[in-house]
Structure formats: structure tokens, C-alpha cells
Amino acid sequence: MTQNVQVSDSYWLQTAPGGAPRPALAEDLDVDVAVIGAGVAGLSAAWELTRAGRSVAVLEAGRVAAGVTGYTSAKLTVLHTLVYDRLRRTRGPEGARLYARSQSEAIEHAAGIVAELGIDCDWETRDAYTYVRDPGGVDELRAEAAAAEEAGLPASLVTETGLPFPVAGAVKVTGQAQFHPVKYLLALAADLEARGGRIFEGTTVQGLDEGEPCRVRTEAGATVTARDVVVATHYPIFDRALLFARLSPRRELVVAGTVEADRDVDGMYITPEENTRSVRTAPLDDAGRRLLVVTGEHFTPGTGDTRERFARLAAWADEHFPGVERTHAWATQDIDPTDTVPMVGPLHPGAHHTYVATGFGGWGLSGGMMAGRLLTAQITGEECAWSGLYDPRRLRTAVREAPALLKTQAEVARHFVGDRLRPTPPVEALPPGEGAVVRAGGDRLAVYRDEEGALHAVSPRCTHLGCLVDFNAAERAWECPCHGSRFGTDGRVLEGPATKPLERREI
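Definitions and limits used
Residues numbered from 1 in each chain as written. Predicted model: local features only at pLDDT ≥ 70, side-chain atom pairs only at ≥ 80, totals over all residues. Heavy atoms only, no water. Pairing = 2+ DSSP bridges. Helix = DSSP H or I, 4+ residues; strand = E, 2+ residues; numbered from the N terminus. Salt bridge = Lys/Arg side-chain N within 4 Å of Asp/Glu carboxyl O. Buried < 20%, exposed > 50% of the residue type's maximum accessible area, 1.4 Å probe, protein only. Core = buried A, V, L, I, M, F, W, Y, C linked by side-chain atoms within 4.5 Å. Contact = heavy atoms within 4.5 Å.

Some remarks on the pairing of strand E8 (residues 205-209)
Piece 1. Of the pairings in the sheet, the one linking E8 to strand E9 (residues 214-218) comprises four bridges and is antiparallel in character. Bridge pairing in E9 links Asp209 to Arg215.
Piece 2. Counted between consecutive antiparallel strands, the loop separating E8 from E9 contains four residues.

What follows is the structure in C-alpha cells.
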């Protein structure tokens, strides 16, 4: 891999089966359940609800599985870096056991779906590892392995792995999985539609009335009337329980390239060291070659030089996997809760028929599958042992981990105020392919100069809550550092929670 990193689409999106876009919702509709978002959480919930006999409509602003789920590293594991010792301390041994059980059962359920539907999605059973190279981190791993084992997982502390470099120690959990997430979700969507569910792409939701029944209003003016509504947009587009104060966005980079079968790392690996490094492979072709997928360099959207971060990640891959020819480079976005556990359940304390799934902290595949089953149980009136663990209305743990919450809000405030005080470059200084927030005629403008030299100006105020965006030169997008909304150079929404584009401006 060379250091000249050109960002591409994700491997999963490039190699998924094609197909014509589904139509947008053009007229009013009545269903039992409206699901907003067609990623893993939304589609899992919709599929489970359809199986439970509910009529379901899925409303997706883009295309099925083409959002965050389409850019994941696609690991299905209960080993979420270092979580079980923390859960044991903050929620007790029973909380850690419920977390482990809920995630394990979600993965087992997905394996059953793959077998039942005969989904060709490169499903492979692999062991998962959280490793450190610094001997000073082994005690933390030892505590994690003990907590994971106490939670009921097949966990152990080891020193030997399939990585091409030595480690000081690693927590190993056997019998986990990896797969092609987009192939899986497209098959799930097709089965959902075959059972009467409906999916509408290119349909942006902008309003929600929580009456009985609920009413969901789309940008085009159509209304979906439903008894229940699930908000599964990764970062929730409605904040009726101060969820925004308890969530923080995190962007992470991916580089991938071809490796011969005899260089397979035989497992799924992650380390919290070096600003996170994650490694796995995927089957690539009939010759037995595999795709090496390396992830890391997490950062807040709209901060720093993403090109430098891509270069660092590629250099790390070069060092540890020399000679691998890079074929792909992309980025993904995660949402971290301030109190460790995802938020899945009623949207706010007064909610009776509205639900949310968010805050998966980088583990949205198993978390999204878990959320689909949990939300279905809640909507159909079934008991679920871990409803309380994931309940978004929880306050005790939010208070207990208040320093993380306060840090998140201080960072938002810093950007809201401080970014308005930044010096702005002159428009003339922008080279082709670059963008910046500049002053022109006394106003701030977010200006991008394309490769032909033409200027494109939009308002720099994020349409979510008004923070100023910054330019990501590697991906050529405007990003909000407060809550992670992302926009194209023309202002269109690439990722929420914003639902409206940046306003076009004249220079």
C-alpha cells in the first residue's frame, strides 16, 4: 500500500448485487409500524416485525444498507474491545451477563437467518481478539478476560495470535463471525418485501406526531400513519429525551487490499492502542486470495486533516503487511453513548408508541440485530430480559458516568463558540479540490473550489442545531463537529441527524 490514499466506495457496496432504486413514498399510507432508516437496526426490526404479523413500511432517505452499515468493518462479535470489566463495575455482574447474552443471541439468530434464507453473504466463523503490544496494558486485559468469562463468554487471556507481529497479550473469544453486511441486508429486505413489508428509498422524514396513531411526515409531503414508529437513523433525527447530550459522533478510517491466502490473520483483531487498530480479512476470489481490512484513526467529524490520518493508517498497514496492494479506502461513522451501553427502547419517558435505536459505539452489527429483536418484543408486548439494560430513559447510569456526559457537552460548546472565532482564509487562496469556511461580503460562507476552478458556496451553519461545519478534504464533504451531520459540496445531506441541506449561497 502506498501513501497516496484515494478514497473509494466501500468494498461491501461495490460488490453487492445491483438493482434499480425502490420508489420514494409518493402518497399517504397506513401501516402498523413505520421504521425510519434501512440500515441493520431498521431492517432487522422491520423483518422481525413482519414475521410477527405486523404491516411495516421502511422509510429510507438514501438506499437500503448504503449508509453507515455499508461502510462497516463487518465483524459480528460480542467482544467489544474492553467493555465487560467496565460493565461489571458500573452495572454489576448481572448487567455484564445480560449484555453478553443479548449480543450472543443476536449473532446466533443472524446465523440462523443466513441458513434459513440461504443467504450468500460470505459468512465465516472466526475467533475475536482484543490485543495490546504494551506490557503495561496486560493487567487491563486480564481483568477484561475474567469479566467476559464471568459474563458467560468463552473468553481467555492468550499471548499467541495470527497477527504478523508479537503481542503482549490478548483477550480471545471463540466462535464469533464475519460476513458481507450489504449482501445480508439486501437478502433480508427482499424477504421482508416478499412477506408484504414495504420499503421506500429516497424518502426523507422531517416530522413526527406522537399521537394515537402516530403520523410521520416526509419531505415530499406524504404522511405515514402508524400505531408504532421506530427511529433507526443511526443518530436520531428527533431529540425528545435529550439524547443528543448523551451521544458523540466518531469517524473512523478504513484501508483494504489484496493478500494471499497464506497471509490470512485467521481471526478478527482490535486494539485500543495507536488510536485504534482493527484487522480482519474477507474472502475475495476463487483463487483463494483475501481482502485485508485495516481500520483505525478515529476522530470527531469536522476536525483535523483526514488525508494525514489516511496516510498514517496506510503507513501502519504497509509496515505490518508489506507488499499488500491497496484496492479500497473508505470511512465510517460511529455514535458513542456517554454511559457505555446502546440506547434501544422508548424514545423518551412519555413515549408509548415511539422507539429509538442508537449509540452502538462501533458495534452496530450485533447491536443492530439485537435492537431489531428487542424492539419487536416491546412492540408486540413480549418480555425481554435486557429491556432495562438498554432503556434510553435510564438516568442512574447517565448520572454515574456524568464526567463523560459533561466532556461531550463541553466539546460541543467549544465548537459552537470557538469555531466562530477561527480565522478565515481568503476565497482566492482555495486550490482546486479544497474547501473552507471563508468570509465574503461580511458573511461566512462554506466554499468549495472544484477541479475546474468553479466555486460552490453554501451556508456554513449546520441545519441541525447551527454549529459551523468544516471541510473534509479526503472525502470532499462538509462535516459538523457537534453532532456528526455530513453534507456534500453542494449542501445535500449525506448523513444525519440533519434532515435539511445546507442553504445554497452566492459569492
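That was the structure; now back to the text.
Some remarks on the sheet that holds strand E19 (residues 443-449)
Piece 1. The four strands are arranged E18-E19-E20-E25 in an open sheet whose pairing can be described as antiparallel. Each edge of the open sheet carries a strand with a single partner, namely strand E18 (434-440) and strand E25 (504-505).

Observations concerning the pattern of salt bridges
Piece 1. A complete count under the given rule lists 37 salt bridges for this structure.
Piece 2. Asp122 is paired through a salt bridge with Lys183; the nearest N and O atoms lie 3.9 Å apart. With Asp122 in the loop between helix H3 (84-117) and strand E4 (124-132) and Lys183 in helix H5 (residues 181-194), the pair connects residues that are 61 residues apart, well separated along the chain.
Piece 3. You can call Asp122 partly exposed: its relative accessible area is 24%.

Description of the nonpolar core
Piece 1. Counting residues in each nonpolar core, the largest one holds 82 residues, and the members touching the most others are Tyr84, Tyr184, Val230, Val344, Met369, Trp386 and Tyr390.
Piece 2. The element best represented in this core is H3, accounting for eleven residues.
Piece 3. Met369 has contacts with Val40, Ser44, Leu76, Ala106, Ala110, Phe179, Tyr184 and Gly364, leaving out every residue within four places of it along the chain.
Piece 4. Ranked by size, the runner-up nonpolar core spans 28 residues in total, among them Leu25, Val31, Val216 and Phe238.

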